[in-house]
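These are the residues of each chain, in order.
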Amino acid sequence: MAVDLLGGDHAPAVVVDGALHAVQADPSVHLLLVGPVEAAGEVLAALSPADRARVRTIGSPASRPGNTGWIESGVRAAVLAVAEGQADAVVSAGSTGATVTSAALGLGRWPGVRRPALAAVLPTATGRIVLLDVGATVDPDERALLTQARLGAAYAAVAHGIAEPRVGLLTIGTERGKGDRLRRAMPALLSGTVLPAGARYVGLVEGDDVVTGRGADVVVTDGFTGNVLLKGLETAYALITPPRNGDVPPRAATLLGVAGTVVVCHGAASGPDLAAGIALAADLHRRAAVPSIAAFLSE
């Protein structure tokens with residue numbers, strides 16, 4: 001896993017902490033730390049000789065003081081490592097825009113995907129729900145939301161084993177005519193679109209449906225609304241008991257629509273959050289989730 005050491009509000013300290021947790025928790029994880037040599041050295045110094053053998057480091061322009069492009073440079077170097085076969089996945093808590101752009105340019109987009117989407121998984125009263133987009137595209141058009149519905153359905157089927165996922169569109173009310181222009185236009189388009197993995201569009205859903213898990217396995221929305229909803233729910237779950245205590249998915253999102261495994265953690269992520277993001281990336285790679293999702297979309 002290529003880990004961006006300088007990504008995040010509290011980098012590199014929390015990234016170092018997360019890398020240490022990830023290596024010690026999973027003996028099969030190998031890390032490629034991208035960023036300042038001194039930060040990578042902290043990880044190596046804290047590991048046993050056996051664990052140390054599973055960690056490599058590469059510098060990047062980001063490690064030079066005074067380089068104003070450090071955020072973009074770090075994640076670009078991590079993406080390049082995957083593109084060149086030095087790593088199997090990218091994990092970053094840095095700028096979402098920089099990560100999405102770097103991944104799209106460095107790894108390439110799937111055929112038919114103009115705008116990749118970030119998919120997050122949230123606990124519900126009945127299980128889990130896939131929410132997308134949560135930050136990649138804040139102002140999508142109809143085509144982008146149709147793509148998100150297809151990406152989300154395939155992701156739910158492959159990553160979570162949901163047969164015939166139910167896809168809903170997030171809006172402010174389920175009554176006919178509710179919502180903005182885009183939401184009013186989408187139901188007819190989604191109803192007429194063939195979705196992968198036997199998925200079906202089940203109609204409009206509201207915010208409470210995301211918490212209860214009632215009616216949909218995948219919820220589609222724009223990246224602005226999705227990001228606000230995601231952060232609000234995650235903060236609420238951190239303060240009170242989540243719908244299913246002990247079954248809280250990692251606070252990280254998977255970038256769908258690019259030819260590689262990319263996991264984006266929150267900028268305010270903690271060390272354990274980063275470790276969970278690394279574990280998510282490792283799990284997706286081991287299960288060949290990204291190629292499987294791409295195959296669903298190409299059918």
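The notes below deal with the structure included here. (Residues numbered from 1 in each chain as written. Predicted model: local features only at pLDDT ≥ 70, side-chain atom pairs only at ≥ 80, totals over all residues. Heavy atoms only, no water.)

Here the focus is the overall build of the protein chain. Secondary structure summary: the protein chain contains eleven helices and eleven strands in total. Its C-alpha atoms give the protein chain a radius of gyration of 19 Å, within 12% of the compact-globule value 19 Å for 299 residues. Taken over the C-alpha atoms alone, the protein chain extends approximately 60 × 40 × 35 Å along its principal axes. When each of the 299 residues of the protein chain is scored for burial, the buried share is 52%. Here the analysis covers contacts within the protein chain between residues at least 6 apart in sequence; of these, 75% occur between residues at least 24 apart. If you sum the accessible surface of the protein chain, you get close to 12,400 Å²; carbon and sulfur atoms cover 55% of it. Taking the 24 positively charged and 27 negatively charged side chains of the protein chain as two groups, their mean positions are separated by 4 Å. (Helix = DSSP H or I, 4+ residues; strand = E, 2+ residues; numbered from the N terminus. Rg over C-alpha atoms; globule rule 2.2 N^0.38 Å. Buried < 20%, exposed > 50% of the residue type's maximum accessible area, 1.4 Å probe, protein only. Contact = heavy atoms within 4.5 Å. Areas by Shrake-Rupley, 256 points an atom, 1.4 Å probe, with all protein chains shown as cover. Lys, Arg positive; Asp, Glu negative; His and termini not counted. Charge placed at Lys NZ, Arg CZ, Asp CG, Glu CD.)

Residues Val 138, Phe 224 and Val 228 make up a contiguous nonpolar surface patch of about 300 Å² in total accessible area. In this structure, Val 228 sits in helix α9 (residues 223-239). (Patch = residues over 30% accessible without salt bridge, like charges linked within 9 Å, V, L, I, M, F, W, Y side chains within 5 Å. Salt bridge = Lys/Arg side-chain N within 4 Å of Asp/Glu carboxyl O.)

On to the nonpolar core, then. In this structure, Leu 31, Leu 33, Leu 132 and Tyr 155 are the most contacted members of the largest nonpolar core, which totals 64 residues. Looking at this core, the element that brings in the most residues is helix α6 (residues 142-160), giving ten residues. Discounting chain neighbours no more than four positions away, the residues touching Leu 31 are Met 1, Val 3, Ala 19, Val 23, Arg 54, Val 55, Arg 56 and Ile 278. Listed in part, the 34 residues of the second largest apolar core include Leu 107, Val 258, Val 262 and Val 264. (Core = buried A, V, L, I, M, F, W, Y, C linked by side-chain atoms within 4.5 Å.)

Right, let's get into helix α1 (residues 13-25). The end-to-end C-alpha distance of α1 is 18 Å, a good match for the 18 Å that 13 residues give at a rise of 1.5 Å each. Within α1 the residues assigned to the buried category are Val 14, Val 15, Val 16, Gly 18, Ala 19, Leu 20, Ala 22 and Val 23. Summarising the contacts, the buried residues of α1 are in contact with β1 (2-4), β2 (31-34), α2 (37-46), α3 (49-52), β3 (55-58) and α10 (271-286). (Expected span 1.5 Å × (residues − 1).)

Once that is clear, we can look at the sheet that holds strand β4 (residues 89-92). The strand order across the open sheet formed by eleven strands is β3-β2-β1-β4-β11-β10-β5-β6-β9-β7-β8, and the pairing between neighbours is mixed. Two strands bound the open sheet, and with one partner strand each, they are β3 and β8 (200-205). On average, each strand axis in the sheet is inclined to that of its neighbour by 25 degrees, with strand direction left out of account. Against the sheet, helix α5 (residues 96-107) engages β4, β5 (117-123), β10 (252-256) and β11 (261-265), with an angle of about 175 degrees to β11. Against the sheet, α6 engages β5, β6 (128-132), β7 (166-170), β9 (218-220) and β10, with an angle of about 150 degrees to β6. (Pairing = 2+ DSSP bridges. Axes fitted to C-alpha atoms, helices over the stretch in contact; angles between N-to-C directions.)

In this model, α9 (17 residues) spans 24 Å end to end at C-alpha, consistent with the 24 Å of a helix rising 1.5 Å per residue. Along α9, the residues that are buried comprise Gly 223, Gly 226, Leu 229, Leu 230, Leu 233, Glu 234 and Tyr 237. For α9, the buried positions fall inside an angular range of 130 degrees around the axis, keeping them on one side. Among the exposed residues of α9, those pointing more than 90 degrees away from its buried face are Phe 224, Val 228 and Leu 239. N-capping of α9 is provided by Asp 222, with a side-chain oxygen placed 3.0 Å from the backbone N of Phe 224. (Arc of directions from axis to C-beta. Polar contact = N/O pair within 3.5 Å; in protein donor to acceptor, adjacent residues only side chain to side chain.)

A word on the pairing of β8. Of the strand pairs in this sheet, β7 and β8 are connected by five bridges, and their pairing is parallel. Looking across to β8, one finds that Leu 170 is bridged to Val 205.

Moving on, we come to the pattern of salt bridges. On inspection of all chains with the given rule, the structure shows 13 salt bridges. A salt bridge links Arg 115 to Asp 139; the shortest N-O distance between them is 3.8 Å. Placement of Arg 115 in the loop between α5 and β5 and of Asp 139 in the loop between β6 and α6 is noted, with a sequence separation of 24 residues between them. Judged by relative accessible area, Arg 115 falls into the partly exposed class, the value being 25%. In this structure, Arg 214 and Asp 209 form a salt bridge, with 2.9 Å as the shortest nitrogen-oxygen distance. For Arg 214, a relative accessible area of 47% puts it in the partly exposed group. The network of salt bridges with shared partners includes Asp 180, Arg 183 and Asp 222.

By themselves, these figures tell us nothing about what the structure is for.
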